[in-house]
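# Observations on the three-dimensional arrangement
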Amino acid sequence: MSPHSDHETWLAELRSRIQEVPPAAALAQQSQGALLIDVREDGERAAGSPAGALGLSRGFLELRIEQAEADRERPILTLCGSGVRSLLAAETLQRLGYRYVQSVAGGFERWKTEGLPVVRGALDADASERYARQLRLPQVGEAGQAKLAAASVVLLGAGGLGAPAALYLAAAGVGRLTLIDDDRVERSNLHRQVIHADARVGMAKTESARLALHALNPRVQVDTRDERLQADNVERLLAGHDVVVDGADNFPARYLLAAASLRLKLPMVYGAVERFTGQVSVFDPRRDASPCYRCLFPEPPAAADAPNCSEAGVLGVLPGIVGLLQATETLKLILGLGEPLTGRLLSFDALAMHFRETRLPRDPGCPGCGRHAAFRGYEDVARYCASGG
């Protein structure tokens with residue numbers, strides 16, 4: 001028997017066990033509650049897919065179908081390019097205990113030919129390949145990747161915390177990053193500010209970071225602001241973004257950031273490092289129960305009690321750890337995943353390799369967000385910090 005005959009025999013045997021339905025009948029069943037699964041690869045679906053179909057590549061079907069649909073009594077229809085892989089997918093689902101499984105005859109090619117509803121994939125071939133591992137997460141998928149592409153994140157500082165956060169946000173596909181920093185790259189930055197390079201010592205940090213981010217992911221729009229955050233520009237610099245990542249290295253900037261975050265209803269992903277320890281939290285004014293930065297620090301400490309990295313020193317890897325935690329929280333906020341660190345302060349001790357979580361409730365008497373808090377302008381905030389409280 002020829003290999004062709006073997007293949008035809010195998011297909012015939014498979015079709016004897018898997019019911020095939022024409023695309024129009026599949027569409028009718030879908031409208032009545034059946035789940036239509038497009039089992040083609042991500043790159044194939046980029047050109048288009050049946051409206052309302054779940055994209056789940058055949059190679060990952062066994063691993064992820066329960067997350068997508070745990071009900072083994074729900075009718076399921078599988079679809080591929082021409083109708084062969086969908087037979088194999090349907091057989092796999094039957095083996096997993098799904099009782100009502102059918103394959104769409106002729107696949108997507110016939111679906112299109114018959115003029116049935118099609119939606120174009122949100123991702124082109126480059127994006128499908130670039131974000132392939134992330135797209136395989138059911139909690140992300142094409143819809144989540146589209147959210148990331150539409151998101152706008154502003155980072156205060158392109159230094160120790162901003163460097164790792166910006167790199168991973170760009171790599172994840174966040175559509176627009178705005179970098180605020182008025183410093184220049186120094187050689188002493190390089191042991192921790194990994195977005196910069198020795199050849200760019202003396203260059204503006206924002207431009208150095210922009211070059212690195214574009215080299216990593218040219219799809220991301222990187223806007224630079226070579227300015228120091230001040231009372232007269234804080235709202236202008238932050239407005240129009242979805243999340244602000246706090247990479248400041250001084251309390252006056254953080255107090256201005258916190259005030260603007262409250263007024264603009266802009267989630268603030270806080271991070272701080274000193275020597276061998278770090279902190280991370282999320283202050284989200286969109287949530288009624290969320291504390292603000294001044295619930296944690298009602299008054300700015302004296303300069304002697306809060307030295308910056310140049311004064312106190314810092315282990316080079318520590319900002320990387322804290323910055324990545326900030327990037328993680330930012331992605332969760334954009335995607336609406338998990339439980340953000342809102343109302344919780346995560347502290348990290350690198351020497352003990354220990355994380356500790358502390359409850360951080362909203363303070364009714366907080367001078368920033370409490371019942372009797374009064375905003376008297378950013379200039380007032382700046383004067384308050386300058387006077388040490």
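Residues numbered from 1 in each chain as written. Predicted model: local features only at pLDDT ≥ 70, side-chain atom pairs only at ≥ 80, totals over all residues. Heavy atoms only, no water.

Just so we agree on the cut-off: UniProt positions are given in the numbering used here, feature names are shortened, and annotations may be inferred rather than shown by experiment.
Per an unreviewed UniProt entry, the protein carries the name Molybdopterin-synthase adenylyltransferase and comes from Rhodanobacter glycinis. As recorded by UniProt, the Pathway (unreviewed entry) comment attached to the protein reads in full: "Cofactor biosynthesis; molybdopterin biosynthesis." According to the UniProt record, the Sequence similarities (unreviewed entry) comment for the protein reads "Belongs to the HesA/MoeB/ThiF family."

### Examining the overall build of the protein
Basically, it comes down to this: Note on conventions: DSSP H or I runs of at least 4 residues are helices, E runs of at least 2 residues are strands, and numbering of each starts at the N terminus. With a 1.4 Å probe rolled over the protein chains alone, any residue whose accessible area is under 20% of its type maximum counts as buried; one over 50% counts as exposed, and the rest are partly exposed. In this analysis, two residues are considered to be in contact whenever any of their non-hydrogen atoms come within 4.5 Å of each other. Counting rule for charge: Lys and Arg are taken as positive, Asp and Glu as negative, and neither His nor the chain ends is counted. Every charge is mapped onto a representative atom, which is NZ of Lys, CZ of Arg, CG of Asp or CD of Glu.
Within the protein one finds 17 helices and 15 strands. The buried share of the protein, taken over its 389 residues, is 49%. Across the protein, contacts joining residues at least 24 apart in sequence account for 69% of those joining residues at least 6 apart. Of the side-chain charges in the protein, 44 are positive and 47 negative, and the distance between the mean point of each set is 2 Å.

### Considering the domain arrangement of the protein
We apply this condition: Here the bounds of each domain stem from an automatic or database domain assignment. Joining two parts hides part of their accessible area as seen by a 1.4 Å probe, and the buried area is that hidden amount summed over both. Identification of polar contacts relies on pairs of N or O atoms within 3.5 Å, with a donor-acceptor requirement for protein atoms, meaning one able to donate a hydrogen and the other able to accept it, and with residues adjacent in sequence counted only if both atoms are side-chain atoms. Think of it as three bins: nonpolar holds Ala, Val, Leu, Ile, Met, Phe, Trp, Tyr, Cys and Pro, charged holds Asp, Glu, Lys and Arg, and polar takes everything else, Gly as well.
For the protein, the domain assignment lists domain 1 (6-121) and domain 2 (133-387). With centres defined by C-alpha atoms, the gap from domain 1 to domain 2 works out at 44 Å. In this assembly, 8 residues from domain 1 lie in contact with 4 residues from domain 2. Note on domain 1 versus domain 2: buried area summed over both sides is about 540 Å², and carbon and sulfur give 45% of it. Along the contact surface separating domain 1 from domain 2 lie 1 residue pair in polar contact (both at pLDDT 80 or more). For the side of domain 1 that touches domain 2, the elements supplying multiple residues, two or more each, are helix 3 (42-45) and helix 4 (61-68). Tallied by class, residues from the side of domain 1 that touches domain 2 come to 1 nonpolar, 3 polar and 4 charged.

### Concerning the UniProt feature "domain: Rhodanese" (unreviewed entry) in the protein
When the UniProt feature table is mapped onto this chain, "domain: Rhodanese" (unreviewed entry) is found at residues 30-120. Secondary structure content for residues 30-120 is 35% helix and 20% strand, while the C-alpha to C-alpha distance between its ends is 18 Å.

### Looking at the state of the cysteines
Rule in force here: When two cysteine sulfur atoms lie within 2.5 Å, the pair is treated as a disulfide.
A complete count under the given rule lists 0 disulfides for this structure. Free cysteine Cys292: the closest other cysteine sulfur is in Cys366, separated by 3.5 Å. The buried category is assigned to Cys292, whose relative accessible area is 3%. The cysteine Cys295 is free of any disulfide, with Cys369 supplying the nearest cysteine sulfur at 3.5 Å. In this structure Cys295 comes out as buried when scored by relative accessible area, which is 12%.

### Points about the sheet that holds strand 13 (residues 277-283)
Just so we agree on the cut-off: Any two strands with at least two DSSP-identified bridges between them are counted as paired. Whenever a helix is involved, its axis is fitted only over the stretch in contact; in every case the axis is a line through C-alpha atoms, and angles between N-to-C directions fall within 0 to 180 degrees.
Taken in spatial order, the 8 strands of this open sheet run 10-9-8-11-12-13-14-15, and their pairing is mixed. Every interior strand has two partners, whereas the edge strands, strand 10 (221-225) and strand 15 (354-359), have only one. Taken pair by pair, the neighbouring strands of this sheet meet at an average axis angle of 15°, ignoring direction. Direction of pairing for strand 8 (residues 152-156) relative to strand 9 (residues 176-180): parallel, over a ladder of 5 bridges. Looking at strand 9, one finds that Leu156 is bridged to Ile180. The strands touched by helix 16 (residues 317-335) within the sheet are strand 8, strand 11 (243-246), strand 12 (268-274), strand 13, strand 14 (344-349) and strand 15, with strand 12 carrying the most contacts at an inclination of about 170°.

### Things to note about the pairing of strand 2 (residues 35-38)
Residues Leu35 and Ile37 of strand 2 are buried on one face, and the alternating residues Leu36 and Asp38, pointing to the opposite face, are buried as well. Two elements, strand 2 and strand 5 (residues 76-79), share 4 bridges in a ladder whose sense is parallel. Opposite Ile37, over in strand 5, you have Thr78 as the bridge partner.

### Some points on the nonpolar core
Selection criterion: Residue types Ala, Val, Leu, Ile, Met, Phe, Trp, Tyr and Cys, when buried and joined through side-chain atoms within 4.5 Å, form a set referred to as a nonpolar core.
Of all hydrophobic cores here, the largest spans 41 residues; its most connected members are Val153, Leu155, Leu169, Val174, Leu177, Ile195 and Leu213. Excluding anything up to four places from it in sequence, Ile195 contacts Ala158, Ala163, Ala166, Leu167, Arg200, Ser208, Ala209, Ala212 and Leu213. Leu238, Ala258, Tyr270 and Val381 belong to the second largest nonpolar core, which has 30 residues in total.

### A short note on helix 17 (residues 378-386)
The criterion, for reference: Summarising the geometry, the arc corresponds to the directions from the helix axis toward the C-beta atoms.
Regarding helix 17, the residues found buried are Tyr378, Val381 and Cys385. Angular distribution of buried residues about the axis of helix 17 spans 55°; they occupy a single face of the element. Opposite the buried face of helix 17, at more than 90 degrees from it, the exposed residues are Arg383 and Ala386.

### Some remarks on a nonpolar patch on the surface
Worth spelling out the cut-off: Like-charged residues are merged into a patch within 9 Å and nonpolar side chains (Val, Leu, Ile, Met, Phe, Trp, Tyr) within 5 Å, provided each residue has over 30% relative accessible area and no salt bridge. To measure how exposed things are, a 1.4 Å probe is used in the Shrake-Rupley method; for residues, cover is taken only from the protein chains shown. Salt bridge, as applied in this entry: a Lys or Arg side-chain nitrogen positioned within 4 Å of an Asp or Glu carboxyl oxygen.
Taken together, the side chains of Phe276, Leu315, Val317 and Leu351 present a nonpolar region at the surface, about 380 Å² in accessible area. Relative to the helices and strands, Leu351 is located in the loop between strand 14 and strand 15. The class for Leu351 is exposed, based on a relative accessible area of 64%.

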